[in-house]
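Take a look at the letters that make up each chain.
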Amino acid sequence: MIKLGVNCDHVATLRQARGERYPDPVAWALEAERAGADSITVHLREDRRHIQEHDVIALLARAQTRINLEMAVTPAMVAWALAHPPADCCLVPEKREEITTEGGLDVCGLQTRLNEVVPVLLQAGIEVSLFIDPEEQQIRAAAMTGARVVELHTGRYAEAKGTESQLRERVALQEAAQLAHGLGLRVHAGHGLHYHNVVDVAAIAPIGELNIGHAIVSRAVFTGVFEAVGTMKNLMVTGFRNRAA
């Protein structure tokens, strides 16, 4: 069955807006687990704009599912991950001026660096995924790093306007997922997915996991964590079952 990774960065964003201790993203993440999340994703950014070190450390100690640490490919972040190893880490591009992650990691341009970093993380028992655009050259470069997972950036699909454009971007995701799978990579996907577009992505074989944050946190403001996570998982299951339809 397809899995749901819930990102709780935006709970921390709300906390940091006032510099308070609440709302606690760790407590929220534990509620998301109880609601059915298969893993928890957090992005420990260089500028620490939302998630803080103590949040990740607390989640590593208290979470019952996998912790997926999104991180930049910098010496400081690699050292931090090795000192506080999560089950998974997802290597992502990062710019201070961006509101959220813009586009996938340029694996082709970072091939030498990634060829060094990925084996070090794997040797520490950390599963590594690379957050990449659904492009052939990036997928092939990702396979050469030794990483066993790619997470396809779904932003272009999520932002597409009109049926034809959406279909074109969905086909691109489908082809990318199949290529990655054929190269022996496990395939995840995420970015910009919400309750009105997730079914068609969940229907793409062989995507095995979707990472979703902003849409779930936003809905939870109105309906609570259990309804928000549960509804998203039900939609994903619907899409997954459509694979055989």
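For the structure given in this document, a descriptive report is provided here. (Residues numbered from 1 in each chain as written. Predicted model: local features only at pLDDT ≥ 70, side-chain atom pairs only at ≥ 80, totals over all residues. Heavy atoms only, no water.)

### Structural notes on the pairing of strand β4 (residues 88–91)
Note the following rule: When a residue's accessible area, from a 1.4 Å probe over protein chains only, is under 20% of the maximum for its type it is buried; when over 50% it is exposed; and in between it is partly exposed. Secondary structure counts use DSSP, requiring at least four H or I residues in a row for a helix and at least two E residues in a row for a strand, with both numbered from the N terminus. We call two strands paired when DSSP finds no fewer than two bridges between them. Throughout, right-handed denotes a crossover for which the path from the first strand over the helix to the second runs clockwise when the strands point away from the viewer.
Side chains of β4 alternate between two faces, with Asp88 and Cys90 and Cys89 and Leu91 buried alike. Here 4 bridges tie strand β3 (residues 66–71) to β4, and the two strands are oriented parallel to one another. Opposite Met71, over in β4, you have Leu91 as the bridge partner. Following the chain from β3 across helix α4 (residues 75–83) to the adjacent parallel β4, one finds a crossover that is right-handed.

### Overview of the pattern of salt bridges
Threshold: For salt bridges, the criterion is a side-chain nitrogen of Lys or Arg within 4 Å of an Asp or Glu carboxyl oxygen.
What the rule picks out here adds up to 13 salt bridges. Between Glu127 and Arg148 there is a salt bridge; the shortest N-O distance is 3.1 Å. A residue pair is termed long-range when its members are at least 10 positions apart, and Glu127 in strand β5 (residues 127–132) and Arg148 in the loop between α6 (136–145) and β6 (149–153) qualify at 21 residues. For Glu127, a relative accessible area of 15% corresponds to the buried category. For Glu135, the salt bridge identified is with Arg156, shortest N-O distance 3.5 Å. Within this pair, whereas Glu135 is found in the loop between β5 and α6, its partner Arg156 is found in helix α7 (residues 155–159), the two being separated by 21 residues in sequence. The class of Arg156 is partly exposed, set by a relative accessible area of 37%. Each member of the salt-bridge network shares a partner with another, and the members are Arg66, Asp88 and Glu209.

### A short note on the nonpolar core
Applicable threshold: Here, nonpolar core means buried Ala, Val, Leu, Ile, Met, Phe, Trp, Tyr and Cys residues that are tied together by side-chain atoms lying within 4.5 Å of each other. Only heavy atoms enter the contact rule, under which two residues are in contact if any of them lie within 4.5 Å.
Among the nonpolar cores identified, the biggest contains 74 residues, and Trp28, Ile40, Leu91, Leu130, Leu210, Ile212 and Ile216 are the most heavily contacted of them. Setting aside chain neighbours within four positions, we find Leu130 in contact with Leu91, Leu105, Val107, Leu114, Val118, Ala142, Thr145, Ala147, Val149, Val150 and Glu151.

### Some points on the packing of aromatic side chains
Here is the rule: Aromatic contacts are taken between Phe, Tyr and Trp rings whose centres are within 6.5 Å, Trp giving its six-membered ring; a plane angle under 30 degrees counts as stacked, one over 60 as edge-to-face, and the others as tilted. A ring has a charge above it when a Lys NZ or an Arg CZ is no more than 6 Å from the ring centre and no more than 35 degrees off the ring normal.
By the definition in use, this model includes 0 aromatic pairs. Between Arg219 and the ring centre of Tyr195, over which it is positioned, the NZ or CZ distance is 4.4 Å.

### Concerning the packing of helix α2 (residues 25–34) against helix α3 (residues 53–62)
To keep things clear, this is the line we draw: Lines are fitted to the C-alpha atoms to define the axes, a helix being fitted only along its stretch in contact, and any angle between axes, read from their N-to-C directions, falls within 0 to 180 degrees. Note on convention: near helix rotated counterclockwise from far helix by under a right angle means a left-handed crossing. Clockwise means right-handed.
Between α2 and α3, the shortest axis-to-axis distance is 9 Å and the interhelical angle comes to 35°. Crossing hand, α2 versus α3: right-handed. Packed against α2, whose contacting residues are Pro25, Val26, Ala29 and Leu30, the element α3 presents Asp55, Ala58, Leu59 and Arg62 at the interface.

Read these as layout, nothing more, since geometry by itself doesn't imply function.
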